[in-house]
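# Examination of the molecular architecture
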Amino acid sequence: MINEMKIRGLVKELEKLDPNDPRIEDYWKLLTKEMSINVDETIEFINSCNENEVYWLSPIFEDISWIFQSQKFIEALKRLQEKYPKLDLEVDIMYAEMSMK
């Protein structure tokens, strides 16, 4: 079972970091590990995320997609793109799709 509170806490900590802080990759690894436990729970979680949370999580979508190898996850990302068109998740979705091949 994924820990939504932990994920949201990591995102809040990530937001505080400078964009050039090397610790960002550590947070991405922790988030990827936590969100790669169960595809259905992860989809349910990202569907409940607000636009800011999706923005901070989007860099790990490719890694999660590679782990899950799930078209269902890709479809969830496409729905997020429709829900939050300002985020421009198309490149993240493209890389997530490529990771499945």
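Basis of the calculations
- Residues numbered from 1 in each chain as written.
- Predicted model: local features only at pLDDT ≥ 70, side-chain atom pairs only at ≥ 80, totals over all residues.
- Heavy atoms only, no water.
- Helix = DSSP H or I, 4+ residues; strand = E, 2+ residues; numbered from the N terminus.
- Rg over C-alpha atoms; globule rule 2.2 N^0.38 Å.
- Buried < 20%, exposed > 50% of the residue type's maximum accessible area, 1.4 Å probe, protein only.
- Contact = heavy atoms within 4.5 Å.
- Areas by Shrake-Rupley, 256 points an atom, 1.4 Å probe, with all protein chains shown as cover.
- Lys, Arg positive; Asp, Glu negative; His and termini not counted.
- Charge placed at Lys NZ, Arg CZ, Asp CG, Glu CD.
- Core = buried A, V, L, I, M, F, W, Y, C linked by side-chain atoms within 4.5 Å.
- Arc of directions from axis to C-beta.
- Expected span 1.5 Å × (residues − 1).
- Polar contact = N/O pair within 3.5 Å; in protein donor to acceptor, adjacent residues only side chain to side chain.

### Overview of the overall build of the chain
- Tallying secondary structure elements over the chain gives seven helices and zero strands in all.
- Seen in sequence order, the chain has helices and strands lined up from the N terminus as α-α-α-α-α-α-α.
- In terms of C-alpha radius of gyration, the chain reaches 13 Å, essentially the compact-globule figure of 13 Å for 101 residues.
- Here the chain, with 101 residues, has 43% of them falling under the buried criterion.
- Taking as baseline every contact in the chain between residues at least 6 positions apart, the subset at least 24 positions apart corresponds to 69%.
- Only carbon and sulfur atoms are counted for the fraction: they give 53% of the accessible area of the chain, which is about 6200 Å².
- In the chain, 13 positive and 21 negative side-chain charges are present, and the distance between their average locations comes to 3 Å.

### A short note on the nonpolar core
- Grouped together as the largest cluster of nonpolar side chains are 31 residues, with contacts concentrated most on Ile 46, Leu 57 and Phe 73.
- At the level of elements, helix H1 (4-16), helix H2 (24-35), helix H3 (39-48), helix H4 (51-57), helix H5 (61-68), helix H6 (71-83) and helix H7 (90-98) are the ones that each hand at least two residues to this core.
- Setting aside anything within four residues of it in sequence, one finds Ile 46 in contact with Met 35, Val 54, Phe 61, Phe 73, Ala 76, Leu 77 and Leu 80.

### A look at H3
- Within the sequence span of H3, burial applies to Val 39, Thr 42, Ile 43, Phe 45 and Ile 46. End-on view of H3: buried residues confined to an arc of 165 degrees, all on one side of the axis.
- Of the surrounding elements, those touching the buried residues of H3 are H1, H2, H4, H5 and H6.

### Some details on unusual backbone geometry
- Phi angles above zero are rare outside glycine, and Gln 69 is one such case at about 50 degrees.
- For Gln 69, the location among the structural elements is in the loop between H5 and H6.
- Judged by its relative accessible area of 38%, Gln 69 is partly exposed.
- In this structure, Asp 88 takes a positive phi of about 50 degrees despite not being glycine.
- Within the secondary structure, Asp 88 is located in the loop between H6 and H7.

### Some thoughts on H1
- An ideal rise of 1.5 Å per residue puts 18 Å on 13 residues; H1 measures up with 19 Å between its terminal C-alpha atoms.
- For H1, the set of buried residues is Ile 7, Leu 10, Val 11 and Leu 14. One side of H1 holds all its buried residues, which, seen down the axis, span an arc of 100 degrees. Exposed residues pointing more than 90 degrees away from the buried face of H1 are listed as Met 5, Lys 12 and Lys 16.
- For H1, the N-terminal cap is Asn 3; the gap from its side-chain oxygen to the backbone nitrogen of Met 5 is 3.2 Å.

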